[in-house]
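Reading the structure
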Amino acid sequence: MSDAAKTKSADVAADPGRKSMDDIMALCKRRGFIFQASEIYGGINGFWDYGPLGAQLKKNLKDAWWQDCVLSPPTGPDGREVEMVGLDTCIIQHPKVWEASGHVGGFNDPRVDCKQSKGRYRADHLFVLQSTGKMLAKPMYAFIEGDEESEKRAYKLMAKYLKTNLPLPPDQTDVVPLAQIPLSEYHRLVGPDANEPGTLTEPRAFNLMFKTYVGATASEDDVAYLRPETAQGIFIQFKNVVDTSRVRVPFGIAQMGKAFRNEVTPRNFTFRSREFEQMEIEFFCHKDDAAKWYAFWRDWRLAWWRSIGLGSDNLQLREHDKDELAHYAKEGAGTSDIEYRFPFTYPGFGELEGVADRSDYDLRQHQEHARVKLEYFDTERGELAPNGQPKGERYLPNVIEPSAGADRGVLAVLCEAYTPDDTRPSKVYMKFHPRIAPIKAAVFPLVNKDGMPEVADKLARDLKKRYSIIETDAKQSIGKRYARMDEAGCPFCFTIDGDTLKDNTVTLRHRDTQEQERIGIDKVASFLGEKLGLQEN
RNA sequence: GCGGGUGUAGCUCAGUGGUAGAGCGUCACGUUGCCAACGUGAAUGUCGUCGGUUCAAAUCCGAUCACCCGCUCCA
């Protein structure tokens, strides 16, 4: 901050590397954006609550997403308005949902810790180089699959032990997966980063899902899980939506809601929380069109984040490398992350939204596990019948999934908006896009007498009928009230003064420039409507 | 999970064994007529929590919780 203080606010605003996360967190607490969950009990790791301003900010962000994705969707690559419907499914579903999705069984990969090097490894990524023949009490060397350095190290150590040169005689050693080494032999095992044997722990499972029980008896037969993603609720209701809402492929189903993951390390304020909210679209299309729709959503979602105020320099698109791809995306057209440059990731970026081609993986999995046909009959495809009509085609649609983190979105918006400015009394202001600003406007009587409060109250009441959150405040000096609004990120203030009583004009004060102008009191509503991007008249 | 750091008023922090502090903010009254103005006054703390040492602990010791940083992890 000491550097930032000497810098022009515009420079600081554009450069998150100059913003202090501590200062942003302090403001979030001070102004009631974000509180630590269960704070009076000492807090609870990985959980955060939203205060009055934060709750409104988050609601505005979610409303903007719902508005732009569901109620007023964009024009697709085929030139037509995208077809989209909403859905709201349960946090708790049948346990088999998570078996089908691969969340149970497939992904609670066991980990192995090294007591000496403090390293942690995926057990299925570790291989062991051992000498054959008389194995008793001889050391074995673990290395990481695909990691040449650790593999070379293991061979070098083995060569040293066998007192031979590299390459090792092939008949004296072999390589086996760690899983084949019995626990009783771990005392002979040298870890990939250790220099003595016996430092590796036994493989331990990490289950990232929250476990709970359905029913008051709570026996092991009643185990259920809190959803780790909202997506599966969409997949398992896919058939109902198709059967009841007249949608036709290509179309999307949108849903937002809480999801839960027992993150190993909750970190970076709300960025990695154990309870978080997702805004997900599952877009269903024919396999032949998947690449086209994937590119469309990837680009459109990036543009959307820009439209709500995330600066272009701090936002980037990153295509995943092949080896990064999740199990469900291996067959797809690709995965990319929309990333924001947070102060705590600077100069790197952190994921805001992932856009993935999930192929038909999920529908296929549920079709198999539930033994229910989930195929879609497309009447516009297939070869032509003699009457000139297509015969139709039956298929499992491909899925393009733009999956955004609502809390990460709020955090990015907070970081982007945070603008130190030593020249103004508040020393900082929150430069929210008017569309998502929690307080849209403030109405102040310049002084609390001479008929001004009455006029201000009337204007505020009129505005409140149409716009969310209009602040009124008649206490203390006008400068103090402007400063408070700067920290809350209120974009516009309207001040009633002596002249208002004579000529019906008010002072309009702009947050970002601190400029003032006079406009007619009857123009205030239409001005706000235009600035907030709402229909007026 | 490991290592380092931090935890005192709403916020930022001072306080190294002897009665709990400052600035800012908040609130009230007065004044003020466009940028945290001024005056007067007020409220606010089990010094993160629990335990130990001591005549006496915010201060020393132990444990624990939370947050920050670095590893690790993040389907």
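Cut-off values and rules
Residues numbered from 1 in each chain as written. Chains lettered and ligands numbered in written order. Predicted model: local features only at pLDDT ≥ 70, side-chain atom pairs only at ≥ 80, totals over all residues. Heavy atoms only, no water. Core = buried A, V, L, I, M, F, W, Y, C linked by side-chain atoms within 4.5 Å. Buried < 20%, exposed > 50% of the residue type's maximum accessible area, 1.4 Å probe, protein only. Helix = DSSP H or I, 4+ residues; strand = E, 2+ residues; numbered from the N terminus. Domains from an automatic or database assignment. Contact = heavy atoms within 4.5 Å. Pairing = 2+ DSSP bridges. Axes fitted to C-alpha atoms, helices over the stretch in contact; angles between N-to-C directions. Near = heavy atom within 4 Å. Polar contact = N/O pair within 3.5 Å; in protein donor to acceptor, adjacent residues only side chain to side chain. Nonpolar A, V, L, I, M, F, W, Y, C, P; charged D, E, K, R; others polar. pLDDT = per-residue confidence, 0-100. Phe/Tyr/Trp six-rings, centres within 6.5 Å; stacked < 30°, edge-to-face > 60°. Lys NZ or Arg CZ within 6 Å of the ring centre and 35° of its normal.

1. Observations concerning the nonpolar core
Judged by nonpolar contacts, the single largest core of 66 residues is most densely connected at Phe-33, Trp-297, Trp-305, Ile-400, Leu-414 and Phe-432. Broken down by element, the residue count for this core peaks at nine residues, all from helix H9 (residues 290-307). Each of domain 1 (47-103 + 225-416) and domain 3 (439-531) accounts for three or more of the residues forming this core. If we ignore the near neighbours within four places in the chain, the residues touching Leu-414 are Cys-28, Phe-33, Ile-34, Leu-57, Met-430 and Phe-432. The next biggest cluster of nonpolar side chains, apart from the first, holds 24 residues, and it includes Met-158, Ala-159, Leu-189 and Val-190.

2. Focus: the domain arrangement of chain A
Taken as a whole, chain A is organised into domain 1 (47-103 + 225-416), domain 2 (110-205) and domain 3 (439-531). Centre-to-centre separation of domain 1 and domain 3, based on C-alpha positions: 40 Å.

3. With respect to the sheet that holds strand S15 (residues 315-319)
Strand order across the open sheet formed by seven strands is S3-S13-S14-S20-S17-S16-S15, with mixed pairing between neighbours. The open sheet terminates on both sides in strands that have one partner only, identified here as strand S3 (84-86) and S15. Strand-to-strand twist of the sheet, defined as the mean angle between neighbouring strand axes without regard to direction, takes the value 20°. Where strand S17 (residues 350-359) meets strand S20 (residues 398-405), six bridges bridge the pair, whose relative direction is antiparallel. Counterpart to Asp-357 in the pairing with S20 is Ile-400.

4. Structural notes on the sheet that holds strand S7 (residues 140-144)
The strand order across the open sheet formed by four strands is S8-S6-S7-S9, and the pairing between neighbours is mixed. Each edge of the sheet is formed by a strand with only one pairing partner; in this case those strands are strand S8 (173-177) and strand S9 (189-190). Where strand S6 (residues 126-131) lies against S7, four bridges are found, and the strand directions are antiparallel. Following the sheet pairing, Leu-129 is matched in S7 by Tyr-141. In the packing of helix H6 (residues 148-162) onto the sheet, contacts are made with S6, S7 and S8, and the angle to S7 comes to roughly 165°.

5. Some words on the protein's contact with RNA strand B
Around RNA strand B, a shell composed of 51 residues is seen, among which Gln-36, His-103, Arg-272, Asp-450 and Arg-484 lie nearest. Atoms of RNA strand B within 4 Å of the protein: sugar and phosphate make up 55%, bases the balance. Arg-509 is positioned such that a nitrogen or oxygen atom in its side chain is 3.0 Å from a base nitrogen of RNA strand B. The contact in question runs from a base oxygen of RNA strand B to an N or O atom on the side chain of Gln-516, over 2.9 Å. Where the surface near RNA strand B is concerned, the elements lending two or more residues are helix H3 (21-30), helix H13 (478-488) and strand S26 (505-510). A per-element tally of the surface near RNA strand B places H13 first, with seven residues. By residue class, the composition of the surface near RNA strand B is 17 nonpolar, 17 polar and 17 charged.

6. Notes on the pairing of strand S13 (residues 251-260)
The side chains of a regular strand alternate, residue by residue, between the two faces of the sheet. Counting buried positions over the 10 residues of S13 gives nine, a clear majority of the element. Judged from the 10 bridges that link them, S13 and strand S14 (residues 275-285) form a sheet pairing that is antiparallel. The residue bridging Ala-254 from the neighbouring strand is Ile-281, located in S14.

7. A closer look at the confidence of the model for chain A
Scored by pLDDT, chain A has a mean of 86; 90% of the residues are at 70 or more. Scored below 50 in pLDDT, residues 1-13 makes 16 contacts in the model with residues more than four places away or belonging to other chains.

8. Notes on the packing of aromatic side chains
Summed over the entire model, instances satisfying the criterion amount to 23 aromatic pairs. With 5.0 Å between their ring centres and 80° between their planes, Phe-492 and Phe-527 make a pair best called edge-to-face. Of this pair, Phe-492 sits in strand S25 (residues 492-496) while Phe-527 sits in helix H15 (residues 524-531); the two residues are 35 residues apart in sequence, bridging distant segments of the chain. Judged by its relative accessible area of 13%, Phe-527 falls in the buried class. Grouped by ring-pair contacts, the aromatic residues Phe-283, Trp-293, Phe-296, Trp-297 and Trp-300 constitute a single cluster. Looking at Arg-424, its charged tip hangs above the ring of Tyr-429, at a distance of 3.7 Å from the centre. Taking the ring centre of Phe-444 as reference, the NZ or CZ of Arg-481 above it sits at 5.3 Å.

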